[in-house]
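# Summary of structural features
Residue-level listing of the chains:
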Amino acid sequence: MANELKGDYCITIDFIKDTPNPERIFIAMSEIIKSFQKFDHILLDSISSNIEPVIMLEDVEAGSLRTWLSTVIKGIPDSAIEDLEWKKIIGNYLKKGKYIVLNFLDKKTTITDATFIEDIQYELLEEAEKTNLKSFPDYHPVQLKKLIGGIDSINKALQSLDKRDKATFDTGTDKASFNLELNLSPENL
C-alpha cells in the first residue's frame, strides 16, 4: 500500500468527478461505517454480549474519500481473560471477518442459496481458530440468521453509490472491493 496505515483499516470510495448528487458519497461512507458497527456486534455475539466494539475515526483524506478507522474493544476487564491478549485477538478477528465477507461477496450478482452464507460462516469459524478466538470460554459460531442480516446491512449501505463508483476495504495486508452489483434478498434465503 502506498500510504502508511493510519488505523486498523481504510474504506475508500472512488467516485466520478463532476457527477450529480455528491452527497451520495458521504451517505454511503456513513452507512458503511454503521453497517460495520452492526457487523462487529454480530461477530462478537459469538463470544460475549458484554464486549462492546467502538469504531474510532482516525483520519479522512480527500481525492477519493478515504476514511481510516480503528476498533476499540470495551466491556471485559483484562483480568477476566488473563493469559490472552484478548483485545488484539478480537480486533484482528473483526478486521479479518469484514474482509472474509467482502471477499466472498465479490463478483456475485445474486445470492439465493443459504449454503453460500454457510460457507462464509465456516470461513469465520476457521478464522476464529486461527486467531485463537475459540479459546474464549463462551465462543460459538456466528448464527446464520444474524450473519445474513449483517451481510444485508453492508449491502444496503452501498445503495446510494452509482454503479460507476468503486468502494474498497483495505487492512494493509488484505484488500477487498465492496460489491455494488450484488442483489441480496435475505427473505429468500
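Structure: see above.
Residues numbered from 1 in each chain as written. Predicted model: local features only at pLDDT ≥ 70, side-chain atom pairs only at ≥ 80, totals over all residues. Heavy atoms only, no water.

Attention now moves to the pairing of strand E1 (residues 9–14). The buried fraction of E1 is high, at 5 of 6 residues. Across 5 bridges, the pairing between E1 and strand E5 (residues 166–170) is antiparallel. In the strand pairing of E5, Thr-12 is matched with Thr-168. (Buried < 20%, exposed > 50% of the residue type's maximum accessible area, 1.4 Å probe, protein only. Helix = DSSP H or I, 4+ residues; strand = E, 2+ residues; numbered from the N terminus. Pairing = 2+ DSSP bridges.)

This part covers the packing of helix H1 (residues 23–44) against helix H2 (residues 86–105). Two elements in contact, H1 and H2, have axes whose closest approach is 10 Å; the angle formed by their N-to-C orientations is 115°. By the angle between their axes, H1 is roughly perpendicular relative to H2. Relative to H2, H1 is oriented so that their crossing is right-handed. Of the residues in H2, those in contact with Phe-36, Phe-39, Asp-40, Leu-43 and Leu-44 of H1 are Ile-90, Tyr-93, Leu-94, Gly-97, Lys-98, Val-101 and Leu-102. (Axes fitted to C-alpha atoms, helices over the stretch in contact; angles between N-to-C directions. Parallel < 35°, antiparallel > 145°, perpendicular 65-115°, else oblique. Left-handed = near helix turned anticlockwise from the far one by under 90°. Contact = heavy atoms within 4.5 Å.)

Okay, the sheet that holds strand E3 (residues 65–74) next. Pairing within the open sheet is antiparallel, and its 5 strands lie in the order E2-E3-E1-E5-E6. Only two strands of the sheet have a single partner each, and these edge strands are strand E2 (52–61) and strand E6 (175–177). Each neighbouring strand pair of the sheet contributes to a mean axis angle of 25°, computed without reference to strand direction. In this structure, E1 lies alongside E3, joined through 5 bridges in antiparallel fashion. Across the sheet, the residue bridging to Ile-13 is Leu-65, located in E3. Helix-sheet contacts for H1 involve E1, E2, E3 and E5, and the interaxial angle to E1 is about 145°.

Summary: where empty space remains is shown by rolling a probe the size of a single water molecule over the atoms. In this structure the tally under the stated criterion is 1 cavity of 30 Å³ or more. Considered as a void within the structure, the largest cavity measures approximately 50 Å³ in volume. If you go around the largest cavity, the residues you meet are Leu-102, Leu-105, Ile-154, Asn-155, Leu-158, Ser-177, Phe-178, Asn-179 and Leu-182. The set of elements that each furnish at least two residues to the lining of the largest cavity consists of H2 and helix H4 (144–157). Of the residues belonging to the lining of the largest cavity, the class tally is 6 nonpolar, 3 polar and no charged. (1 Å grid on protein atoms, 1.4 Å probe; cavity = no way out; pocket = protein on both sides within 12 Å on 5 of 7 lines; lining within 4 Å. Points joined across faces, edges and corners; volume = space filled by probe spheres on them. Nonpolar A, V, L, I, M, F, W, Y, C, P; charged D, E, K, R; others polar.)

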